[in-house]
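# Remarks on the overall topology
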Amino acid sequence: AQTAANLERIAELQELMHFENKYSMLIVLQAMDTGGKDGTVRVIGGAMNPAGVRVVSFKQPTKEELANGFMWRIENAAPKKPGEVVIFNRSQYEDVGVVRVHNIVPEATWRPRFDIIKKFEKDLGAPSKEIPGGTHVLKFFLHISKDEQWGRLMDRVNDPDKHYKLNEGDFKERAFWDDYMKAYSEAIEKTSTEDAPWFVIPANRKWLRDLIISQIVVDH
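Strand order in this open sheet of five strands is β2-β3-β1-β4-β5, and the pairing throughout is parallel. The open sheet has two edge strands, β2 (53-57) and β5 (198-202), and neither has a second partner. Neighbour-to-neighbour, the strand axes of this sheet turn through a mean angle of 20°, independent of strand direction. Pairing of strand β4 (residues 134-143) with β5 involves five bridges; the strand directions are parallel. When the bridges of β5 are listed, His 143 appears paired with Pro 202. Here helix α11 (residues 206-219) sits on the sheet and contacts β1 (23-31), β4 and β5; the angle it forms with β5, its principal contact strand, is near 155°.

Bringing the nonpolar core into the picture now. One recurring pattern in soluble globular proteins: nonpolar side chains tend to sit buried together. Formed by 58 residues in total, the largest nonpolar core has its most connected members in Ile 10, Ile 27, Val 85, Phe 88, Phe 140 and Val 217. Broken down by element, the residue count for this core peaks at seven residues, all from helix α10 (residues 177-191). Those residues in contact with Phe 140 that lie beyond four places of it in its chain are Ile 27, Val 28, Leu 29, Gln 30, Trp 198, Phe 199, Ile 201, Ile 213, Ile 216 and Val 217.

Moving on: helix α1 (residues 2-20). Taking 1.5 Å per residue, 19 residues should reach 27 Å; α1 reaches 26 Å between its end C-alpha atoms and fits that length. Residues Thr 3, Asn 6, Leu 7, Ile 10, Gln 14 and Met 17 constitute the buried set of α1. On an axial view of α1, the arc spanned by its buried residues comes to 95°, and they lie on one face. Turned more than 90 degrees off the buried face of α1, the exposed positions are Glu 8, Leu 16 and Phe 19. Against the buried residues of α1 lie β1, α2 (37-46), β2, β3 (85-89) and α11. A positive phi of about 60° marks Asn 21, the residue just after α1.

A contiguous patch of positive charge on the surface is contributed by Arg 42, Lys 162, Lys 165 and Lys 206. For Lys 162, the position within the fold is in the loop between α8 (146-158) and α9 (168-173).

Here the focus is unusual backbone geometry. The phi torsion at Thr 34 lies on the positive side, around 70°, for a residue other than glycine. For Thr 34, the position within the fold is in the loop between β1 and α2. A positive phi angle, close to 70°, is found at Arg 90, a residue other than glycine. As for its position among the elements, Arg 90 is in the loop between β3 and α5 (98-101).

Now for the packing of α1 against α11. Remark: α1 packs on α11, axes separated minimally by 9 Å, with the N-to-C direction vectors making an angle of 35°. The interaxial crossing formed by α1 with α11 has left-handed handedness. Residues Gln 2, Thr 3, Asn 6, Leu 7, Arg 9, Ile 10 and Leu 13 of α1 pack against Trp 207, Asp 210, Leu 211, Ser 214, Gln 215, Val 217 and Val 218 of α11.

Under the definition given, this model contains seven aromatic pairs. Between Phe 58 and Phe 88 the ring centres are 4.9 Å apart and the planes differ by 85°, which places this aromatic pair in the edge-to-face class. With a gap of 30 residues between them, Phe 58 in the loop between β2 and α3 (63-67) and Phe 88 in strand β3 connect regions that are remote in the sequence. In this structure Phe 58 comes out as buried when scored by relative accessible area, which is 7%. Put simply, the rings of Phe 141, Tyr 180 and Tyr 184 pair up and form one aromatic cluster. Over the face of the ring belonging to Phe 70 we find Arg 113, whose NZ or CZ atom lies 4.5 Å from the ring centre.

Cut-off values and rules
- Residues numbered from 1 in each chain as written.
- Predicted model: local features only at pLDDT ≥ 70, side-chain atom pairs only at ≥ 80, totals over all residues.
- Heavy atoms only, no water.
- Pairing = 2+ DSSP bridges.
- Helix = DSSP H or I, 4+ residues; strand = E, 2+ residues; numbered from the N terminus.
- Axes fitted to C-alpha atoms, helices over the stretch in contact; angles between N-to-C directions.
- Contact = heavy atoms within 4.5 Å.
- Core = buried A, V, L, I, M, F, W, Y, C linked by side-chain atoms within 4.5 Å.
- Buried < 20%, exposed > 50% of the residue type's maximum accessible area, 1.4 Å probe, protein only.
- Expected span 1.5 Å × (residues − 1).
- Arc of directions from axis to C-beta.
- Patch = residues over 30% accessible without salt bridge, like charges linked within 9 Å, V, L, I, M, F, W, Y side chains within 5 Å.
- Areas by Shrake-Rupley, 256 points an atom, 1.4 Å probe, with all protein chains shown as cover.
- Salt bridge = Lys/Arg side-chain N within 4 Å of Asp/Glu carboxyl O.
- Lys, Arg positive; Asp, Glu negative; His and termini not counted.
- Charge placed at Lys NZ, Arg CZ, Asp CG, Glu CD.
- Left-handed = near helix turned anticlockwise from the far one by under 90°.
- Phe/Tyr/Trp six-rings, centres within 6.5 Å; stacked < 30°, edge-to-face > 60°.
- Lys NZ or Arg CZ within 6 Å of the ring centre and 35° of its normal.

Scope: geometric values only; no functional claims are made or implied.
Spelled out as structure tokens, the structure:
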């Protein structure tokens, strides 16, 4: 019941933000595979007027994106006008996460990215000509247990209606669970700021995840 009330309030606040024409919001979602990013997009984004919300899903970078630097596609996708809400499904944090775990780039390359990301997020929060009040940045790490992830993967295996979600890579990545936890822990520690705070969400239970995230969005 509280989640339903929160979602109704989010719709009201989005409308007010749109007509105030001063602020924008960026919601960043990170998680392990099956962590609930798509479900969160459906719940939180689904509460909003589609005309005022934009969802951006980041996949493996293209050749053009790689050629322009790791932040190029992120900067292009960030809010560009007041009243807009943008939701990142995966984000700039892939470039201090998966690249670290799989040694795609050396530490001398990925470690300085923490400061680059922090500056980008701080700049987003500052008033600008395009967005007079700045962009409010909220970052959510949807934290599920390794056992919960296995259960969700098995649900996809056993339910034909969910076979479209199956990805062999999801099973292979489980072998690197501890490495991912270490990478995410450091990224959260290094980049959680007053301008762009991280919220670690207990996400084994979807109803609890939705309640907490919807409340945080309302509060901010």
